Amino acid sequence: MINFEEELKRFQPIPEVSQAEDAIYSNDLKDISDIVFQVTEEMKAASEETANRMVGRIRR
């Protein structure tokens, strides 16, 4: 029978896995919420720009 406590004591992570984890965690990766936020901000800016141009035309 496997003694999990003993196995965990002897466990040592593979160096490549540790390096990969470090590389992944050090990168500023975007998730879907970041992308949605960015697109929303760009859409707001575009609509404000369009509204400002329309107001400028009306005032002329």
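Here we summarise the structure given alongside this text.

Along its 12 residues, helix α2 (residues 15-26) runs 16 Å from first to last C-alpha, staying within 8% of the 16 Å computed at 1.5 Å per residue. Of all 12 residues that make up α2, 0 are buried, and the element is exposed over most of its length.

As a further point, take the pattern of salt bridges. All told, the structure shown has 3 salt bridges when counted by the stated rule. Across the pair Glu 7 and Arg 10 runs a salt bridge whose closest N-O atoms are separated by 2.3 Å. Here Glu 7 pairs with Arg 10, and both are found in helix α1 (residues 4-10), just 3 residues apart, close to one helical turn. Notably, a salt bridge pairs Glu 41 with Lys 44, separated by 3.7 Å at the nearest N-O pair. Residue Glu 41 and its partner Lys 44 are both found in helix α3 (residues 32-59); the two are separated by 3 residues, about one turn of the helix. Residue classification places Glu 41 among the partly exposed residues on the basis of a relative accessible area of 34%. A relative accessible area of 44% places Lys 44 in the partly exposed class.

Calculation criteria
- Residues numbered from 1 in each chain as written.
- Predicted model: local features only at pLDDT ≥ 70, side-chain atom pairs only at ≥ 80, totals over all residues.
- Heavy atoms only, no water.
- Helix = DSSP H or I, 4+ residues; strand = E, 2+ residues; numbered from the N terminus.
- Expected span 1.5 Å × (residues − 1).
- Buried < 20%, exposed > 50% of the residue type's maximum accessible area, 1.4 Å probe, protein only.
- Salt bridge = Lys/Arg side-chain N within 4 Å of Asp/Glu carboxyl O.

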